Amino acid sequence: MSADPGQNLAVTRGRRAGRLARPFKILIGLIPIVVLLLICQLLGSGAGQFPKTSEWIQQLGTLGGDGELQSATLSTVKSVLIALAISTVAGAAIGAVVGRSALADRACSPLFNFARVLPVAALIPIAAVIAGYSEGMKVTIVVIAGIWPVLLQTRSATRAIHGVVSDTARTLHLGLWGSVRKIFLPILIPDIIAGVRVGAPMLLVVVIVVEMITGLPGLGAELTTAQENYNAGLAYGLILIISALALLVNIVIAFLERLALLRWPAPVA
Amino acid sequence: LTIDVRVKRSHSVPAWWPGAVLVLVLCLAWQLAVTGNLLPVGVSSPVSTVAALIRLAGGPLWSPLFHTLSVALSGWLIGSAIGVAIAVLVVAVPPIWDITIAFVDLFRAIPAVAFVPVAILVFGFSLKMEVVVSSYVALWPVAICAALGLRDSRIQYREVGDVLKLPLVTRLRSLTLPGAARQLVIGLRLALGGALSLAVIAEMIGDPQGLGYVMISAQQAQRSDEVFAYVLVVGLLGVVLNGLLVVIVRLMGAGMARTAGEQ
């Protein structure tokens, strides 16, 4: 069995998506959403649980007028970027180290498996008891939750590296840094990127969950506040913003992936 | 071409011992660090966590555990059933595939958690709200994986069915379904994780029942030993549910289990 079922999906999906012109696909994909928004506009009531689309926009405008929407979006995006950087570097490093040693691999497997099935939200009360609600705690939880795709993908890729490759490094006296930089990193980068592709959308989700539960500033907190104030229009509007952000993350990652794979192409199996 | 020349390890030592040793060593180090006041106040030691777990198992644990378990399971089942139905429809009618595949990419990118506050507004602080959000999150991975699996398996095995002149029902049962099993199980596993985690999140911010709620209550009461115990329970619940999935796959027959890589 593969290390993580989700990764296979992402990799095959990535390959499939590459064949179609992406902008065109997104445009077709937007049609049902536009239709949905139109239906909401026509059938929605003025207030209550199903407000009109224009009401969503208006409520967003009110929030944006105070600059609150912008600062919430900014702090959500900032957390995602910091967590993405940390979890990519740390995940790749830990995955490579664990993947190199069969003993370390077997020793860590039970812990990894437990951590992977543990719902992220369960970590929030622990972090709150230890550190209280803070930005550092937010990023820590997000990293712990989002590190797995990169870590597991790198681990299985490292495990699959042929013995001849490390022998080559030894024969050439490359040293640790030299062999990492010249041999292992180029081999692993396609898999690290595949991990990031799965992990990055998860990071955004976790950031929003943490904000929703702890009330730390961000789009998640705005969403819970809107719900607590029975402001359905604002809640729907914020879902729109969050969805746009999620889409943006996917597009940026897909772009970076293509860029990186030009420089470090995936080895032909 | 790769030839594996490594000698197989002898079977006298079970393969899981390094894992068990590491867990024990970490627990010991954790216990010593807490007794030596090396960790921040609020970190519960393994001993007091287990003590809290035993105390909770004497009564207060079971009702929230059962609540979360039933929400996660029903959300998973409902979502998976809808997902499989969508997949069958999409694969059986090719024009629908072309239209849906584009916006599915968009829709599944929307974080399901964002719908929790809206679900609270619509359904109130209730069991129904929890089941709705966890079904929703379970629906996507099952629909996508099942659709990809069914499509690939149908293409792969169509000629086999033609050559053997199998009737439609046998074809579906013996070729298409086992051929799609690997992808389907991937989807079911992702869905299970999603349903459990959405159930816990919904309990944390919405429905005042279940493990998510008691966890937050314990945190607010500064009972860190109980918080750690509940987290352990939630993690174990995930492990047990995953094990249950493997059992279900095996029950579906040897062919299914083999193609799903669960044997």
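Rules behind the numbers
- Residues numbered from 1 in each chain as written.
- Chains lettered and ligands numbered in written order.
- Predicted model: local features only at pLDDT ≥ 70, side-chain atom pairs only at ≥ 80, totals over all residues.
- Heavy atoms only, no water.
- Helix = DSSP H or I, 4+ residues; strand = E, 2+ residues; numbered from the N terminus.
- Buried < 20%, exposed > 50% of the residue type's maximum accessible area, 1.4 Å probe, protein only.
- Areas by Shrake-Rupley, 256 points an atom, 1.4 Å probe, with all protein chains shown as cover.
- Lys, Arg positive; Asp, Glu negative; His and termini not counted.
- Charge placed at Lys NZ, Arg CZ, Asp CG, Glu CD.
- pLDDT = per-residue confidence, 0-100.
- Contact = heavy atoms within 4.5 Å.
- Expected span 1.5 Å × (residues − 1).
- Arc of directions from axis to C-beta.
- Salt bridge = Lys/Arg side-chain N within 4 Å of Asp/Glu carboxyl O.
- Buried area = accessible area lost by both parts, 1.4 Å probe.
- Polar contact = N/O pair within 3.5 Å; in protein donor to acceptor, adjacent residues only side chain to side chain.
- Phe/Tyr/Trp six-rings, centres within 6.5 Å; stacked < 30°, edge-to-face > 60°.

1. What to know about the overall build of chain B
Scanning chain B from terminus to terminus reveals ten helices and zero strands. Secondary structure elements of chain B occur, N-terminal to C-terminal, as α-α-α-α-α-α-α-α-α-α. Taken over the C-alpha atoms alone, chain B extends approximately 70 × 60 × 30 Å along its principal axes. Of all 263 residues assigned to chain B, the portion counted as buried reaches 49%. Split by element, the accessible area of chain B, about 13,300 Å² in all, is 71% carbon and sulfur. Once the 17 positive and 12 negative side-chain charges of chain B are each reduced to a mean point, those two points are 9 Å apart.

2. Notes on the confidence of the model for chain A
Do not read the fine detail of predicted coordinates wherever pLDDT is low. All names here are of chain A. The predicted model of chain A has a mean per-residue pLDDT of 79, with 87% of residues at 70 or higher. Within chain A, no element has a lower average pLDDT than helix α1 (residues 5–19), which sits at 43, and none a higher one than helix α4 (residues 68–100), at 90. Here residues 1–20 is modelled with pLDDT under 50, and outside its nearest four sequence neighbours on either side it reaches 40 contacts, counting other chains as well.

3. Some details on helix α2 (residues 46–57) of chain B
All names here are of chain B. Between its first and last C-alpha, α2 extends 16 Å over twelve residues, near the 16 Å set by a 1.5 Å rise per residue. Along α2, the positions that sit buried rather than exposed are Pro46, Thr49, Ala52, Leu53 and Leu56. The buried residues of α2 occupy one face: seen down the axis, they fall within an arc of 125°. The exposed residues of α2 that point more than 90 degrees off its buried face are Val47 and Ile54.

4. Points about the pattern of salt bridges
Residues and elements named next belong to chain B. Under the criterion given, the structure shown has eleven salt bridges over all chains. Put simply, Arg151 and Asp152 hold a salt bridge, and the shortest N to O gap is 3.4 Å. On the accessibility criterion, Arg151 (23% relative accessible area) is partly exposed. Owing to a relative accessible area of 33%, Asp152 belongs among the partly exposed residues under this scheme. What you see here is one network of salt bridges that share partners, running through Arg55, Arg223, Asp225 and Glu226.

5. Focus on the interface of chain A and chain B
Tallying the contact residues gives 53 residues for chain A and 64 residues for chain B. Regarding the contact of chain A and chain B, the summed buried area is about 5,200 Å², with carbon and sulfur atoms giving 79% of it. Summed over the shared surface of chain A and chain B, the number is one residue pair in polar contact (both at pLDDT 80 or more). Every element with two or more residues in the side of chain A that touches chain B is listed here: α1, α2 (22–43), α5 (102–117), α6 (123–131), α10 (175–214), α11 (219–228) and α12 (232–263) of chain A.

6. Considering the packing of aromatic side chains
By the definition in use, this model includes four aromatic pairs over all chains. Their ring planes at 65° and their centres at 5.3 Å tell us that Phe112 of chain A and Trp148 of chain A sit as a pair that is edge-to-face. Here Trp148 of chain A lies in helix α8 (residues 148–160) and Phe112 of chain A lies in helix α5, a separation of 36 residues in the sequence. Accessibility expressed as a relative area gives 9% for Phe112 of chain A, which makes it buried. On the accessibility criterion, Trp148 of chain A (12% relative accessible area) is buried. With a centroid separation of 6.0 Å and 45° between ring planes, the pair formed by Trp30 of chain B and Phe228 of chain B is classed as tilted. With Trp30 of chain B in helix α1 (residues 17–35) and Phe228 of chain B in helix α9 (residues 224–251), this pair connects stretches of sequence that are 198 residues apart. A relative accessible area of 27% means that Trp30 of chain B is categorised as partly exposed. Every member of this aromatic cluster is reached through a ring pair, and the members are Phe115, Tyr136 and Trp140 of chain B.

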